[in-house]
Structures are given as structure tokens and as C-alpha cells.
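What follows is the residue order along each chain.
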Amino acid sequence: MSNADLITISSFHDRSPKFLFRSIPVDNAPSLLNSKELMDTLQVVARSIPDGLRPDKAPSFLNFKELLDNLQVVARPAFRQLLISTSDQRSPTCIIADGIMSFVAIEVAKELGIPVITFRTYSASCTWTNFHLSKLIEIGEVPFPDGNLDKYITCIPGYENILRSRDLPSICRVEKPDDSLLKFLMEETSTMTRASALILNTFHELEAPVISRLNSIFTKIYTVGPLHALHKSTVEKLVRELMDSNKREKIMKSTDEFARLANDSVKQGGSSFINLEKLIEDIRSMSP
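Residues numbered from 1 in each chain as written. Predicted model: local features only at pLDDT ≥ 70, side-chain atom pairs only at ≥ 80, totals over all residues. Heavy atoms only, no water.

(A) Here's a closer look at the pairing of strand β2 (residues 116-120). Counted residue by residue, β2 has five buried out of five residues, so it is predominantly covered. Relative to β2, strand β1 (residues 95-98) runs parallel, the two sharing four bridges. Note that in β2 the partner of Ile95 across the bridge is Val116. Between the parallel pair β1 and β2, the chain is carried across by helix α4 (residues 102-112), and the sense of this crossover is right-handed. As paired elements, β2 and strand β3 (residues 197-200) share four bridges and run parallel to each other. In the strand pairing of β3, Phe119 is matched with Ile199. (Buried < 20%, exposed > 50% of the residue type's maximum accessible area, 1.4 Å probe, protein only. Helix = DSSP H or I, 4+ residues; strand = E, 2+ residues; numbered from the N terminus. Pairing = 2+ DSSP bridges. Right-handed = clockwise from strand over helix to strand, strands pointing away.)

What follows is the structure in C-alpha cells.
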């Protein structure tokens, strides 16, 4: 279930929702739009914007750069026109935009006076790391100068001499600091700061210190994860297969504790449950 579905079910069951747009190219993902039963049940209106690729060319990592170039030209004006065209029906009161597509949503939304909440599907730690990519390049820790992946990173506050080169996002394993995809990620991460708030797929008890640091960038952060169910049996099986008997007991205890905290966070009264309710109320308050 997507975050949009979750918000819709949780908060708008008593009235028709405003349009909720997610700034992603969906030309090549018709299944997102063709579930009529889901759309009717949730009372959601789904619209798409072009991605600029040929109909027979599905987006993939291999043509990701081409996709980004096309989106720069095609998606932003298309998204703007989409928002304008709905103004005589139900004007959007809030946009929840994928953080990596900020260049599509935030510029247009600001121009039209629509609040934007940016949504990152990964952890607070990864988000915090992305905000320091330019510093990593500046001091020469990215790209990895000597190929030593066990070298400790020194310039990310809170993670000094904890994170190693191998722990950084895989996009950091580039040959040149001016790599186009690395530059794109840094630009999008910077653009995210213009959003009204940030949604993260994590829970407070897991990443409280780094979430606190992110509060220096975002005045509002909603931690509403984990959005997927933890499959405890699968984790246990992997641990039993990979670890010897001495390590297994210690790691199993850590796994059980993580699962308990994650499950507690999404239960009624848990931190993620409370944050989701807060997010819903804040979106409601944006409605006229």
C-alpha cells in the first residue's frame, strides 16, 4: 500500500479527498492508474504526466540519465499545466512529492502557491548523509581516492569515525566528482529544503539523534514508518544460516528488539501512528 493510499484511507473516509499528486513519471506504469476498484474505493483521482521517453522504452537504471534530461524539459511544464487544468474542479491544497523529483514539483507548486511536503522512502541517516555529499567531495572523501572502502568518514556530524566509505550510498562510488547523477542527487537534496515538511519511512525510536539533526533543516518532520510489514521469520532464517551459534543469540535479540520497536511505532499511540495523524491534520488544515 502506498503512502497516498494510507493517508486517503485514514483521513478522508468521511469526505471526498482533494487531489493528491505524486510527482513521478507514470506513462510507463499504467497499472498505477488502471485499478478502478481501488480508485473508486478510495475516491482518488489519478492523473499522469509524460516522462519524455518513447512509449516502447521503459525507464531503467541504464537510461536513467536520459530520463532525467527528458523530465527536465517535459515534466515540469506538463505538471504545471495539470495543476492549472484542475483549478476549475478541485484545486490541490497540498502536494506530496517524491524527494528525488523535487525539481518537477517544488518549483511549480511555489509558483502556484501550493504547499509541498517532500517524501523520502529511505532512512533519516541516508537523508542526512545526502545533505553532506558536497562536503565529502570538497574534502576529497568522495570519490574514494585510494579505493579503500573501510576508511572512516570524518565530515558528517554525528557519524564521524562511524560511517565507512562502503556505508555511503552506492552513487558515491563514481570515478569523477562531477558525475552527472551525483550532481543531480545533490541538487535534488538541496531543492528538498524548500518544501514545507519532510516525510520519512522510519520511526523515531530508531533514529532519534539524526532526526533531531534534520530538524535544523526542516521545521516539520513526519516519521511514519516502517511502511512495510517486517517478516520476522525471513530475518530469523537468514540470521540462523549466516551466523555461528555465538553471534546468533546476540543478533537474534537485536532483531527481536528492532521488530518490537517497529511494530510498536505503528500501533495506536505509537510514534509513527501519532506522526501520521499529525500529518493528516496538517494536510486538512491546508484545505480552505
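(B) Main features of the pattern of salt bridges. The tally for this structure, following the rule as stated, stands at seven salt bridges. Between Glu111 and Arg80 there is a salt bridge, with the nearest N and O atoms lying 2.7 Å from each other. Of the two residues, Glu111 is situated in helix α4 and Arg80 in helix α3 (residues 64-85); the sequence distance between them amounts to 31 residues. Judged by its relative accessible area of 48%, Glu111 is partly exposed. For Arg80, a relative accessible area of 32% puts it in the partly exposed group. Residue Glu138 pairs with Lys135 through a salt bridge whose shortest N-O separation is 3.7 Å. In this pair, Glu138 and Lys135 are both assigned in helix α6 (residues 133-138), three residues apart and thus about one turn of the helix distant. One salt-bridge network, in which partners are shared between bridges, spans Asp150, Arg164, Arg166 and Asp167. (Salt bridge = Lys/Arg side-chain N within 4 Å of Asp/Glu carboxyl O.)

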